[in-house]
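A structural walkthrough
Okay, here's what each chain looks like letter by letter:
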Amino acid sequence: MTHRTSRPTNRRVLISGASIAGPTLAYWLDRYGFEVTVVEKAPAVRGGGYAIDIRGTARAVVDRMGLLPRLREAHVDTRRITFLDAAGDTVGAVRPEQMSGGESGQDLEVRRGDLADALHAPLRDRVEFLFDDSIASLDDDGDAVHVVLESGIRRTVDLVIGADGLHSNTRRLRFGPEEPFHRYLGHVFAGFTLPNELGLSHEAFIWNEPGRAAVLYAYEPSEPVHGFLTFVRDTPPLDAFRDPRAQRDLVASRFPERVWQVPRLVSAMREADDLFFDIVSQIHLPTWSRGRVALAGDAAHATSFLSGQGSSVALVGAYVLAGELAAHPDHTEAFAAYERRTRPFAERNQALATSGGTVVTPTTRAQLDARNALLRDPGAMEKETATAGAVEGRAAHSSLTLPDYPVAV
């Protein structure tokens, strides 16, 4: 049953980040009667981007926001993932849900930009957005938070929420340097786009050698394809983060093969103007709030793309945080309740990235041979989707039941 409540006490909220968690949080806080400002360092809502999945409990969130019809239309409908051996020959193909532990016909796969646009659309005339800006400093005096933005704008608000991603600036300002909270998962990746010269459609190709993968991921034949080059590395390449040329050289050095589309992917990576280079990692914090500042999405609990659940967990966490703030006049109680409800869900989905995790990038020859043997035997592959790991994936996706929260008068 849904109850009504008076307007919340801590009404003025500044959210840093306008990707997924930030706009979701802004939507629900606005519904509950809060005054919301969203600060985003990009000059506008970011379009395009690779596809992300919305599964399990997260699907219920977008349904409650009225976005399900729009996101169904935006569904990219990947139908097949084909694996290739070292020579570029086909080993076998699977349906996406066989890898993800998802549910056929239920999961949504949409471009990140399409989800961002859908989340932003209902807020355009209701919530203040400050683009091309970010928090320079914040001072929590116990009664309010005094914020200075890089542009020089000053705001005094009741609460600040950092929804600004894996490398959160808000988290750095309030919780300290990232290093104690950052957990490197041993993979480096580079993502970029390139022309769809092969006319690929609704499919992906993954070439493997132990510890390395080269990927082509296509939506529509008329659109560019997404390329990914990922490899295992014992230590994170920290020096490369400061040098784009070093990033390109490092990735290229790991893919010297002259087979399949590997040379083309390397060449496109070197010339791409949209290269995204990073390490695969997670964020593990002892607490998601400090005083009047809290974290949401990847800033609080990044799961990594190996889990396939980053966006879904962000949607769910933002919904819960907004609801608890509406239900509890005291922000300390609200933050505690948000973490109590969401942390088990986030941690269970984080664990998906580290339990097995060798389908896309088997790290040893033995793991690669075992995976390829499964792919060559469709019957065995079908059985594999019913194993404990796949079952746990499906269970993790829906392991939190959305509560009903008060609505503003």
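Summary of the structure given here.

Basis of the calculations
- Position numbers for residues start from 1 in each chain and track the written sequence from start to end.
- The model is predicted, so local features are restricted to residues of pLDDT at least 70 and side-chain atom pairs to those at 80 or more, both for listing and for counting; the totals for chains, interfaces and linings are taken over all residues.
- The basis for every side-chain value is the complete set of heavy atoms in the structure, and neither hydrogens nor water enter the calculation.
- Three exposure classes are used, based on accessible area relative to the maximum for each residue type with a 1.4 Å probe and protein chains only: buried under 20%, partly exposed in between, and exposed over 50%.
- Elements are defined by DSSP. Helices are runs of H or I of four residues or more, strands are runs of E of two residues or more, and each kind is numbered from the N terminus.
- Pairs of residues are marked as contacts when any of their non-hydrogen atoms sit within 4.5 Å.
- Whenever a helix is involved, its axis is fitted only over the stretch in contact; in every case the axis is a line through C-alpha atoms, and angles between N-to-C directions fall within 0 to 180 degrees.
- In these notes the angle categories are as follows: under 35 degrees is roughly parallel, over 145 is roughly antiparallel, 65 to 115 is roughly perpendicular, and the rest is oblique.
- The sense of a crossing depends on the near helix, which, turned anticlockwise from the far helix by less than a right angle, makes the crossing left-handed and, turned clockwise, makes it right-handed.
- Residue polarity follows a fixed list, in which Ala, Val, Leu, Ile, Met, Phe, Trp, Tyr, Cys and Pro are nonpolar, Asp, Glu, Lys and Arg are charged, and the others, Gly among them, are polar.
- For this analysis, a ring pair means two rings from Phe, Tyr or Trp (six-membered ring only for Trp) whose centres lie within 6.5 Å, classed as stacked if their planes differ by under 30 degrees, edge-to-face if by over 60, and tilted for the remaining angles.
- Any Lys NZ or Arg CZ that is within 6 Å of a ring centre and within 35 degrees of that ring's normal is treated as a charge sitting over the ring.
- Every case where a carboxyl oxygen of Asp or Glu lies within 4 Å of a side-chain nitrogen of Lys or Arg is listed as a salt bridge.
- We call a set of buried residues a nonpolar core when its members are Ala, Val, Leu, Ile, Met, Phe, Trp, Tyr or Cys and they connect through side-chain atoms within 4.5 Å of each other.

Working note: α-helix, 3.6 residues per turn, so residues spaced by three or four point in the same direction. Taken as a whole, helix H8 (residues 262–271) has its buried residues at Val262, Arg264, Leu265, Val266, Ala268 and Met269. Among the structural elements, strand S13 (182–194), strand S14 (203–209), strand S15 (212–218), strand S16 (225–232) and helix H7 (244–253) are those in contact with the buried residues of H8.

Axis separation between helix H1 (residues 21–31) and helix H10 (residues 310–327) bottoms out at 8 Å; the angle between their running directions is 30°. Considering their axes alone, H1 and H10 lie roughly parallel with respect to each other. Of the two possible hands of crossing, H1 and H10 adopt the one that is right-handed. Here Ala21, Thr24, Leu25, Trp28 and Leu29 of H1 come into contact with H10, specifically with Ala314, Leu315, Ala318, Tyr319, Leu321, Ala322 and Leu325. Residues belonging to the contact of H1 with H10 are distributed by class as follows: 11 nonpolar, 1 polar and no charged.

This part takes up the packing of aromatic side chains. Taken as a whole and judged by the stated rule, the model has 11 aromatic pairs. Taking 5.0 Å as the distance between ring centres and 85° as the angle between the ring planes, the aromatic pair formed by tyrosine 27 and tryptophan 28 counts as edge-to-face. Here the aromatic residues Tyr27, Trp28, Tyr32, Tyr319 and Tyr405 are joined through ring pairs into a cluster of three or more. Positioned over the ring face of phenylalanine 255 is arginine 212, at 5.6 Å from the centre of the ring.

To continue, consider the environment of aspartate 139. Checked against the element boundaries, aspartate 139 lands in strand S9 (residues 135–140). In the structure, aspartate 139 is positioned 34 residues away from leucine 173 in sequence and 9.5 Å away in space, judged by C-alpha atoms. Excluding its chain neighbours within four sequence positions, the residues that come into contact with aspartate 139 are Ala144, Val145 and His146.

Before going further, it helps to examine the pattern of salt bridges. Enumeration according to the criterion identifies 21 salt bridges in this entry. Measuring nitrogen to oxygen at the nearest pair gives 3.4 Å for the salt bridge that ties arginine 174 to aspartate 140. With arginine 174 in helix H6 (residues 169–175) and aspartate 140 in strand S9, this pair connects stretches of sequence that are 34 residues apart. The exposure class of arginine 174 is partly exposed, given its relative accessible area of 22%. Since its relative accessible area comes to 18%, aspartate 140 is described here as buried. When salt bridges that share partners are traced, they join Arg111, Asp114 and Glu223 into one network.

Here alanine 190 shows up in strand S13. Looking at alanine 190, the relative accessible area reads 0%, which means it is buried. In this structure the C-alpha to C-alpha distance between alanine 190 and phenylalanine 175, which are 15 residues apart in sequence, comes to 29 Å. With residues near it in sequence (within four places) discarded, alanine 190 still touches Gly227, Phe228, Leu229, Val251, Met269, Leu275, Phe276 and Phe277.

To continue, consider the nonpolar core. Of all hydrophobic cores here, the largest spans 66 residues; its most connected members are Ile15, Leu29, Ile54, Leu71 and Ile161. Broken down by element, this core gets its largest block of residues, 11 residues, from H10. Grouped together as the second largest cluster of nonpolar side chains are 29 residues, Ala190, Leu200, Ala218 and Ala272 included.

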